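Chain by chain, the residues:
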Amino acid sequence: MSESSTGSTVSGGNAEREVVDLCRDLIRIDTSNYGDHSGPGERLAAEYVAEKLAEVGLEPQIFESHKGRASTVARIEGEDPSRPALLIHGHTDVVPANAADWTHDPFSGEIADGCVWGRGAVDMKDMDAMTLAVVRERMRTGRKPPRDIVLAFVADEEAGGTYGARYLVDKHPGLFEGVNEAISEVGGFSFTVNEKLRLYLVETAQKGMHWMKLTVDGTAGHGSMIHKDNAITELSEAVGRLGRHKFPVRVTKTLRHFLDELSDALGTELDPENMDETLAKLGGISKLIGASLQNTANPTQLGAGYKVNVIPGQATAHVDGRYLPGYEEEFLADLDRILGPNVRREDVHADKALETTFDGALVDAMQTALVAEDPIARAVPYMLSAGTDAKSFDDLGIRGFGFAPLKLPPELDFAGMFHGVDERVPVDGLQFGVRVLDRFIDHC
Ligand SMILES: [Zn+2]
């Protein structure tokens, strides 16, 4: 745990010291989300966060959407309360972890090899802790942000946010009165290109989602007979076609901007039609970028039949479909064409896509804060292939960015940390994040 050598931290180092303990404490509070109410819930985490905020003079409120499913919201007064407010939101729930698979217990918050280990270390108790550490130090030293900041530490993001962000947006929209912009998870992390350049990927777009059920109706019959109307045969062929289909690369605004920045950085023109080569240069983040080039539809479940000599009258499959912003219609038309007229397609769950431009004062504040702490930093936009709570807040007209700043060692498979085994965050990455976040707030 090295002290900052820059000597330029505005927070005087207290937040950098505190962030590690805050992160470990949060990891030790098991908030596993199983997609129903069978987990421990987020109540203890909500209370922990509220206590940490109240200690420094804020007035946090806890909202419980269902027994044990609690979120904490607080408002910090800025220098100019007439300006629109900034929202910093983070979820406190985590996906479950099987301790037997891990090197260190996933709920121990252990420090080893320069990292804090545990479920939530990057998704996203790290950012929760960074936010708490920065806010606490600013409150203790009376350093007001330039405008109001709303803090929301929410439940249930890992299961779609119904009992967290979605609940607050639907039932308590007044909490976010006057908020126009937000920052949160899955962005702001580094990718080291060479010794002269480190990219920080700021998330400006998210793919939309169609989780679908496919059904084929056929005629039931005896398995020994000649049978031309077999639901399983028809459905399997359709699922096979869909699973093998290569959706075309589509150059969204975000991809264009990302490729331009990267081409400039690498000094070579990158061709979106020949992305295999480009992705190979992106190491660990190629997983993140690869899925943002095109729509995808992955078959994930199959169901039919109950006895070997009975032809069932129906067969079903489930498909996880994700579409690029602006390409939903094309996606649905492609699906219908690929599946054919005998397959019935219905949504089990759908969510919109998001895309905002990579410009404006808030983006400038990110770049300024990053460069102050890392002279070879360059912020670039990217698209997340999944979704976050930003989609719920978008319903209130809040423009969201993924900006949870982390400087990472080049060898760490950061994308693989999300929901992965041995999730961990470098201690100095957390401390870097605290310094950047503090500077960012100065300029927000
Ligand atoms: Zn997350």
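- Per an unreviewed UniProt entry, the protein carries the name M20/M25/M40 family metallo-hydrolase and comes from Streptomyces microflavus.
- Taken from UniProt, the Cofactor (unreviewed entry) comment for the protein reads in full: "Zn(2+)".

**Comments concerning helix α6 (residues 253–266)**
- For α6, which comprises 14 residues, the first-to-last C-alpha distance of 20 Å matches the rise-based estimate of 20 Å (1.5 Å per residue) to within 8%.
- Those residues of α6 that are buried are in contact with β9 (197–206), α7 (275–280), α8 (286–290), β16 (354–355) and β17 (377–384).
- Phi turns positive one or two residues past the end of α6, at glycine 267, with a value near 65°.

**Topic: the sheet that holds strand β10 (residues 208–217)**
- Reading across the sheet, the four strands line up as β12-β14-β10-β15 and stay open at both edges, with antiparallel pairing between neighbours. Looking at which strands have only one partner, the edges of the open sheet turn out to be β12 (296–304) and β15 (344–351). If you compare each strand with its neighbour and ignore which way they point, the axes differ by 20° on average.
- In this structure, β10 lies alongside β15, joined through seven bridges in antiparallel fashion. Bridging across to β15, threonine 215 finds its partner in arginine 344.
- Packing against the sheet, helix α5 (residues 231–244) makes contact with β10, β12 and β14 (314–323), and its axis sits at approximately 15° to β14.

**Some remarks on the domain arrangement of the protein**
- Domain annotation for the protein reports domain 1 (2–185 + 389–443) and domain 2 (205–351).
- Centre-to-centre, using C-alpha coordinates, domain 1 lies 33 Å away from domain 2.
- Between domain 1 and domain 2, the contact holds five residues from the first and seven residues from the second.
- Looking at the side of domain 1 facing domain 2, the largest losses of area belong to Lys391, Asp413 and Ala415, adding up to 80% of the total buried there.
- Counting every contact that joins domain 1 to domain 2 gives zero salt bridges.

**Comments concerning helix α3 (residues 125–140)**
- The first and last C-alpha atoms of α3 sit 22 Å apart over 16 residues, in line with the 22 Å expected at 1.5 Å per residue.
- For α3, the buried fraction is high: 14 of the 16 residues fall into the buried class.
- In the segment just after α3, glycine 142 is the residue with positive phi, at about 65°.

**Considerations on unusual backbone geometry**
- Looking along the chain, the bond that leaves aspartate 123 and enters methionine 124 is cis, with omega of -10°.
- Examined against the element boundaries, methionine 124 turns out to sit in the loop between β5 (115–117) and α3.
- The phi angle at aspartate 156 is positive, at roughly 65°, despite the residue not being glycine.
- You can see aspartate 156 is positioned in the loop between β6 (149–154) and α4 (165–171).
- With relative accessibility at 2%, the residue aspartate 156 sits in the buried group.
- One non-glycine residue, aspartate 422, adopts positive backbone phi at about 60°.
- Checked against the element boundaries, aspartate 422 lands in the loop between α12 (414–417) and β19 (424–426).

Cut-offs used in this document
Residues numbered from 1 in each chain as written. Predicted model: local features only at pLDDT ≥ 70, side-chain atom pairs only at ≥ 80, totals over all residues. Heavy atoms only, no water. UniProt positions renumbered as here; feature names shortened; annotations may be inferred. Helix = DSSP H or I, 4+ residues; strand = E, 2+ residues; numbered from the N terminus. Expected span 1.5 Å × (residues − 1). Contact = heavy atoms within 4.5 Å. Pairing = 2+ DSSP bridges. Axes fitted to C-alpha atoms, helices over the stretch in contact; angles between N-to-C directions. Domains from an automatic or database assignment. Buried area = accessible area lost by both parts, 1.4 Å probe. Salt bridge = Lys/Arg side-chain N within 4 Å of Asp/Glu carboxyl O. Buried < 20%, exposed > 50% of the residue type's maximum accessible area, 1.4 Å probe, protein only.

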